[in-house]
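Structure assessment
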Amino acid sequence: MPGYELLGREELEAIKQIFNEKPVLFAHGFDNVRRAYHVRDFEKALEKQFDSKHAVCVSSGTAAIKIALKALGVKAGDEVITQGFNFIATVEAIHDIGAIPIITDVDSTLNMCPKSLKEKINKKTRAIIPVHMLGVPARLSDINKIANINDIPVIEDACEAIGAKYNGKFVGTITDIGVFSFDFGKNITTGEGGAITTSSKRLFDFARAYHDHGHMNKKGLPRGLDDALCAGFNYRMTEISGAIGKVQLEKLKSITKSHKDRYKILDNLIPQKFQTRQIPDKATPSFDTYVFHVSTTELKEKVVRLLHELEIGTKNLPDAMKWHCASYWKHMTVDRDLVALASVQKRLEKCVSIPINIRVPEEKYEQIGTEIASL
Ligand SMILES: *Cc1c(COP(=O)(O)O)cnc(C)c1O
């Protein structure tokens, strides 16, 4: 998945550029001293790239999820539904505002199961967070339909699928709010960082203010005399990250293409032997991970051993299963979800994921695919 493989000269030049200007390492204000706004430029670039009306850059993807929940008015005691194959951050963000994370089962796409979602909705449900895990869009048509009928907003966690599309649109722009992460392991990276995208002016205004102590950043008003829209916090992105982000975003198209070329090689070989993860209709993945099912424990051990011998590893299935399977997070989940949690774990235990790296030559993926298919 990683943009980190391509971090290099261009990003370094962008940082140097800041220091050639009068360096203001702060996203907002200081209007009379600064010559540039790198975070704000990155936001504009994200809006253009993903065809989103608004984008707000923040300090992390985890912060982005929390801000999205706050913007939607989710409060302590409310329920927020997300899926059992996930990254712990999504559930932590819900937990951090005192809301209750409710976990759905996943289906053969390994993302939110719409049927399970339907069963989990009740009158306390205030938001739904489908997560496009390991580059594959969730079944957004079904999820949005269920959400609309019940009048519940949807936050797309697009952190692991930057560049993926659903029905011709980039993920992160299809529901009420999208959230992105640019941490070091994501498709594009700023080291640490995240963003929120939305077409709603109201949600945008809240996110913009909340991540910066409630500041409205009114034009012409010095920062010290600015008005506050709401009680906020500091989840700002730094200018250095903003400058790096602009450069990384320009590389996204070629990153996705390199992923896809390698993914296709595996996809020509592995299905000869194993059943692969289902990709929903209308979904175009970001192709940064290849996931397949291995039915027996014995065979799975062989596959995993082979991938370690080839020095590729298995990324999170099973290498980092504990951080990606909600059944391990009993400190944050509720007992009524135990059946769904067990079901998610059972499904994930049969899966293996192969990380796709750009610096790893295509021939290596030929070798991996061939050796796995002949196990
Ligand atoms: C990485 C990730 C996050 C959190 O992003 P950070 O920037 O590391 O805080 C949230 N959700 C998912 C699915 C992720 O993979």
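Bringing the site of the ligand into the picture now. Within the structure, the ligand sits among 15 residues, and Thr62, Glu160, Ser181, Asp183 and Lys186 are positioned closest to it. Side-chain polar atom of Thr90 to a nitrogen atom of the ligand: 3.5 Å apart, as the coordinates give it. When contributions to the shell around the ligand are tallied by element, the ones reaching two or more residues are α3 (61-71) and α4 (88-96). When residues in the shell around the ligand are grouped by element, the largest group, three residues, is from α3. Residues of the shell around the ligand, tallied by class, amount to five nonpolar, six polar and four charged.

The four strands are arranged β1-β9-β8-β5 in an open sheet whose pairing can be described as mixed. Across the chains shown, the open sheet's two edge strands, defined by having one partner strand only, are β1 (54-58) and β5 (155-157). Here the average twist between neighbouring strands, direction ignored, is 20 degrees. Pairing geometry for β5 and strand β8 (residues 177-181), over three bridges, is parallel. Its bridge partner being in β8, Ile155 is matched across the sheet by Ile177. Against the sheet, helix α7 (residues 201-210) contacts β1, β8 and β9 (194-198), and its axis sits at roughly 20 degrees relative to β1.

Where helix α6 (residues 140-150) is concerned, the buried positions are Leu140, Ile143, Asn144, Ile146 and Ala147. Down the axis of α6, the smallest arc covering the buried residues is 165 degrees, so these residues share one side. Away from the buried face of α6 by more than 90 degrees, exposed residues Lys145, Asn148 and Ile149 are located. Asp151 sits one or two residues past α6 and shows a positive phi near 55 degrees.

Across the sheet, which stays open at both edges, the three strands sit in the order β7-β6-β11 with antiparallel pairing between neighbours. One side of each edge strand has no neighbouring strand; the edge strands of this open sheet are β7 (169-170) and β11 (283-284). Bridge count for strand β6 (residues 165-166) against β7 is two bridges, and the pairing is antiparallel. Directly across from Lys165, in β7, lies its bridge partner Phe170.

Each value, and the rule that gives it
Residues numbered from 1 in each chain as written. Predicted model: local features only at pLDDT ≥ 70, side-chain atom pairs only at ≥ 80, totals over all residues. Heavy atoms only, no water. Near = heavy atom within 4 Å. Polar contact = N/O pair within 3.5 Å; in protein donor to acceptor, adjacent residues only side chain to side chain. Helix = DSSP H or I, 4+ residues; strand = E, 2+ residues; numbered from the N terminus. Nonpolar A, V, L, I, M, F, W, Y, C, P; charged D, E, K, R; others polar. Pairing = 2+ DSSP bridges. Axes fitted to C-alpha atoms, helices over the stretch in contact; angles between N-to-C directions. Contact = heavy atoms within 4.5 Å. Buried < 20%, exposed > 50% of the residue type's maximum accessible area, 1.4 Å probe, protein only. Arc of directions from axis to C-beta.

Note that all results are geometric; they support no functional claim without further evidence.
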